[in-house]
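Summary of structural features
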Amino acid sequence: MNFSIKNILVWFLLCSVYGILVLQGLLTYEWVVPAVVTAYAAANIGFFRMLVKSHERHPKRFVASFTGVIGIKLFGTMAFLLVYLFLHRENFLPVVVALALSYLVFTAVLVSSVLKAFK
């Protein structure tokens, strides 16, 4: 499956699950949850393009590029989480869960797509 299609499907699935949970009354709507999922989907597209260009230019330095991309993603996630928890102490659990789930799922999509693209 194409990376873009896989990325969009994961974005749609995560947003749909959150929407269903809100409609069922299990969670209250927080605008930041869909924003987090959308930001990860957009970042994934940018990171995939960066990795493809890096591999085309310097295939021997791909591991360093990949590690850098994952590091940027991890530190960006941690920075956002710290700022959000500092500013919004109440009702932060859905955002933390969305952040962790989005990070894991979109990182898996990125890694599997990169491995498949460079076989």
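Scroll up to find the structure.
What comes next concerns the included structure. (Residues numbered from 1 in each chain as written. Predicted model: local features only at pLDDT ≥ 70, side-chain atom pairs only at ≥ 80, totals over all residues. Heavy atoms only, no water.)

**Description of helix H2 (residues 32–57)**
Here H2 contains 26 residues, and its C-alpha end-to-end distance of 37 Å stays within 8% of the 38 Å for a straight helix at 1.5 Å per residue. Among the residues of H2, those classed as buried are Val 32, Val 33, Val 36, Val 37, Tyr 40, Ala 41, Asn 44, Phe 47, Phe 48, Leu 51 and Ser 54. The secondary structure elements touched by the buried residues of H2 are helix H1 (3–23), helix H3 (62–87) and helix H4 (93–117). (Helix = DSSP H or I, 4+ residues; strand = E, 2+ residues; numbered from the N terminus. Expected span 1.5 Å × (residues − 1). Buried < 20%, exposed > 50% of the residue type's maximum accessible area, 1.4 Å probe, protein only. Contact = heavy atoms within 4.5 Å.)

**Focus on the nonpolar core**
With 25 residues, the main nonpolar core has Val 32, Val 33, Tyr 40, Leu 51, Phe 106, Leu 110 and Val 114 as its most contacted residues. Those elements that place two or more of their residues in this core are H1, H2, H3 and H4. A per-element tally of this core places H2 first, with nine residues. Excluding residues that lie within four positions of it along the chain, Val 114 makes contacts with Phe 48, Leu 51 and Phe 62. (Core = buried A, V, L, I, M, F, W, Y, C linked by side-chain atoms within 4.5 Å.)

**Description of the packing of aromatic side chains**
Under the defined criterion, the tally for this structure stands at seven aromatic pairs. Between Tyr 18 and Tyr 29 the ring centres are 6.1 Å apart and the planes differ by 40°, which places this aromatic pair in the tilted class. Of this pair, Tyr 18 sits in helix H1 while Tyr 29 sits in the loop between H1 and H2, and the two are eleven residues apart along the sequence. Since its relative accessible area comes to 9%, Tyr 18 is described here as buried. Taking the centre distance of 5.9 Å and the plane angle of 25° together, the rings of Phe 80 and Tyr 84 count as stacked. Taken together, the residues Phe 80 and Tyr 84, both in helix H3 and four residues apart, mark about one turn of the helix. A residue is classified by how much of its surface remains accessible, and Phe 80, at 33% relative accessible area, is partly exposed. Counting every residue linked through ring pairs, the aromatic cluster contains Tyr 40, Tyr 103 and Phe 106. Above the face of the Tyr 103 ring, Lys 73 is positioned so that its terminal group lies 5.8 Å from the ring centre. (Phe/Tyr/Trp six-rings, centres within 6.5 Å; stacked < 30°, edge-to-face > 60°. Lys NZ or Arg CZ within 6 Å of the ring centre and 35° of its normal.)

**Describing the packing of H1 against H2**
To describe two helices that pack against each other, one gives the angle between their axes and the distance between the axes. Relative to each other, H1 and H2 sit at 170°, their axes nearing to 10 Å. By the angle between their directions, the pair H1 and H2 is classed as roughly antiparallel. Across the interface between the two elements, Phe 3, Asn 7, Trp 11, Leu 14, Cys 15 and Tyr 18 of H1 pack against Val 33, Pro 34, Val 37, Thr 38, Ala 41, Asn 44, Ile 45 and Phe 48 of H2. A breakdown of the residues in the contact of H1 with H2 according to their chemical character gives eleven nonpolar, three polar and no charged. (Axes fitted to C-alpha atoms, helices over the stretch in contact; angles between N-to-C directions. Parallel < 35°, antiparallel > 145°, perpendicular 65-115°, else oblique. Nonpolar A, V, L, I, M, F, W, Y, C, P; charged D, E, K, R; others polar.)

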